[in-house]
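A structural walkthrough
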Amino acid sequence: MNNFNVVVVGGGAAGLYVAGMLGKEVDGVCLLDSKEDLLKVSFHTLGSFIDRNRFELSEKIIAANISECILHSKHVRVAKRGSAYVLHKKQVHKELLERALANRVIIKNPVRIRGFKKANDGTIDRLVDTSGNEYQGKIFVDASGVAAVLSRPLGLQDHKFKIGVGLEYNVKYFGPQNQAHLFIGKEFRGGYGWIFPLGNQRAIFGYGTFAEKEIARLKDTVNGLIAAPPINRLIEKDNNQPYGGTIPITGVKNKFIFKNVVCIGDSVSQVHPLVGEGYRFILEAGKLAAPHILNALRKNDMSLLADYEAD
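Residues numbered from 1 in each chain as written. Predicted model: local features only at pLDDT ≥ 70, side-chain atom pairs only at ≥ 80, totals over all residues. Heavy atoms only, no water.

Considering the overall build of the chain
Threshold: Elements are defined by DSSP. Helices are runs of H or I of four residues or more, strands are runs of E of two residues or more, and each kind is numbered from the N terminus. Every radius of gyration here is taken over C-alpha atoms, with the globule rule written as 2.2 Å times N^0.38, N being the number of residues. The classification of residues rests on relative accessible area computed with a 1.4 Å probe and restricted to protein chains. Under 20% of the type maximum is buried, over 50% is exposed, and intermediate values are partly exposed. Working rule for contacts: check all heavy atoms of both residues, and any pair within 4.5 Å makes them a contact. Areas reported as accessible are Shrake-Rupley estimates using a 1.4 Å probe. Residue values count occlusion only from the protein chains shown. Charged residues are defined here as Lys and Arg on the positive side and Asp and Glu on the negative side; His and the ends of the chain fall outside this count. One atom stands in for each charge, and that atom is NZ of Lys, CZ of Arg, CG of Asp or CD of Glu.
Along the chain, the regular secondary structure elements total 6 helices and 17 strands. Relative to the compact-globule value of 19 Å for 311 residues, the chain shows a C-alpha radius of gyration of 20 Å, a close match. Expressed along its principal axes, the backbone C-alpha trace of the chain runs to roughly 65 × 40 × 35 Å. Within the span of the chain, comprising 311 residues, buried residues form 51% of the whole. In the chain, once contacts between residues fewer than 6 apart in sequence are set aside, the share between residues at least 24 apart is 66%. By element, 50% of the accessible surface of the chain is carried by carbon and sulfur atoms, the whole surface being about 14800 Å². Taking the average place of the 41 positive charges on the side chains of the chain and the average place of its 31 negative ones, the gap between the two points comes to 4 Å.

Quick look at the structure:
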């Protein structure tokens, strides 16, 4: 039996961040993840409006400072000035992992959770993995992303939901390093495209879609888009290494707590529904949740977790 104060399921940005915050204040924080390597990520970059200082992240996470975004369609080209970033996703995870380890978080991987056992009062008493190992805790945090390991069976996430899927390549880039590009139109088949600069005349070109029928031919669509103007004037594909990822497509959720279970990130669809960004809002949710988790532990009162939901 593994007995902990807090058991966090999922070693992505949400799980690493909240585990690191909790580990700084209390002992007995355990993080479980199904991957052998927590730094093996799908997408390598992402556009973000994050304030890195708010989450104590270094300048190394920033691949490019964006001051202009250009929206392209067949008939319109609109440039808007503002402030945003392209992030090195792996560097974000690296810094969060190092912080969690420095704060004495116990990391167990690869571990796949197959279910849970409840106590007599209906709270979750322990998780069970596919090898039969059990992980007992006072509070459980579901940061398992679209897997929704706890949020789905507990009714906080839809039993079935659609997903948005994206595919991207690291490519040569001929445009200004301060410009990000977004592309819409019928050739993008229910989705949109993007170019995010990385410095050193490199960029990420990606395409994401919400159209279920397009997912099977995602790679062919991306290759066709790269060869078409105006994209072919901005980038050149010089490798065949694709990266991909998913986000949940559901209604906006407002229930994140089940007794002694706290849900953060994609497990309860905490993706911004307008801009599509997850990381800033996932980390913000973790920052909101951690003090209420600590308060509930110290006062041994799980009802105090509802304050996170209210925040």
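Observations concerning the pairing of strand β5 (residues 77–88)
Spelled out, the test is: DSSP-based pairing: two strands are paired if at least 2 bridges between them are found.
Note that strand β3 (residues 45–48) and β5 share 4 bridges and pair antiparallel. Looking at the pairing, threonine 45 lines up with histidine 88 of β5. Here 9 bridges tie strand β4 (residues 62–72) to β5, and the two strands are oriented antiparallel to one another. For isoleucine 62, the partnering residue across the bridge sits in β5 and is leucine 87. Between β4 and β5, which pair antiparallel one after the other, the connecting turn spans 4 residues.

Considering the side chain of glutamate 168
The condition is simple: Any Lys or Arg side-chain nitrogen located within 4 Å of an Asp or Glu carboxyl oxygen qualifies as a salt bridge. Any pair of N or O atoms that falls within 3.5 Å is considered a polar contact. Within protein, one atom must be able to donate a hydrogen and the other to accept it, and sequence-neighbouring residues count only if both atoms are side-chain atoms.
Position of glutamate 168 among the secondary structure elements: in strand β10 (residues 162–173). Buried charge without a salt bridge: glutamate 168, with lysine 89 as the nearest opposite-charge side chain at an N-O distance of 7.8 Å. A distance of 3.4 Å separates a polar side-chain atom of glutamate 168 from the backbone nitrogen of histidine 44. Residue contacts for glutamate 168: discarding those within four places in its chain leaves Phe43, His44, Thr45, Trp194, Ile204, Phe205, Gly206, Gln241, Pro242 and Tyr243.

What to know about the packing of aromatic side chains
Rule in force here: Each pair of aromatic rings taken from Phe, Tyr and Trp, with Trp reduced to its six-membered ring, is defined by centres within 6.5 Å and is described as stacked if the planes are under 30 degrees apart, edge-to-face if over 60, and tilted in the remaining cases. Charge over a ring is defined by NZ of Lys or CZ of Arg lying within 6 Å of the ring centre and within 35 degrees of the ring normal.
Going through the model one piece at a time under the given rule, you end up with 7 aromatic pairs. Each ring, one from tyrosine 17 and one from phenylalanine 55, has its centre 5.7 Å from the other, and the planes form 80°; the classification is edge-to-face. Remark: phenylalanine 55 occurs in the loop between β3 and β4 and tyrosine 17 occurs in helix α1 (residues 13–23); sequence separation between them is 38 residues. For the pair formed by tyrosine 17 and phenylalanine 55, the shared burial category is buried. Three or more aromatic residues joined by ring pairs form one cluster here, namely Tyr192, Trp194, Phe196 and Phe210. The ring of tyrosine 169 is capped by lysine 237, whose NZ or CZ atom sits 4.7 Å from the centre of that ring.

Quick word on unusual backbone geometry
Geometrically, the link from asparagine 109 to proline 110 is a cis peptide bond, its omega value of -5° lying close to zero. By the element assignment, proline 110 lies in the loop between β6 (106–108) and β7 (113–118). Backbone geometry places lysine 259, a non-glycine residue, at a positive phi of 50°. Position of lysine 259 relative to the elements: it lies in the loop between β16 (257–258) and β17 (261–263). What makes lysine 259 partly exposed here is its relative accessible area of 42%. The backbone of serine 269 shows a phi angle near 55°, a positive value even though the residue is not glycine. Within the secondary structure, serine 269 sits in the loop between β17 and α5 (279–299). Residue serine 269 is classed as buried on the basis of its relative accessible area of 12%.

What to know about α1
Since the α-helix packs 3.6 residues into each turn, any two residues three or four apart lie on the same face. Taken across its 11 residues, α1 has 10 buried, putting it largely inside the fold. On its buried face, α1 is in contact with β1 (2–9), β2 (29–32), α2 (89–102), β9 (134–142) and α5.

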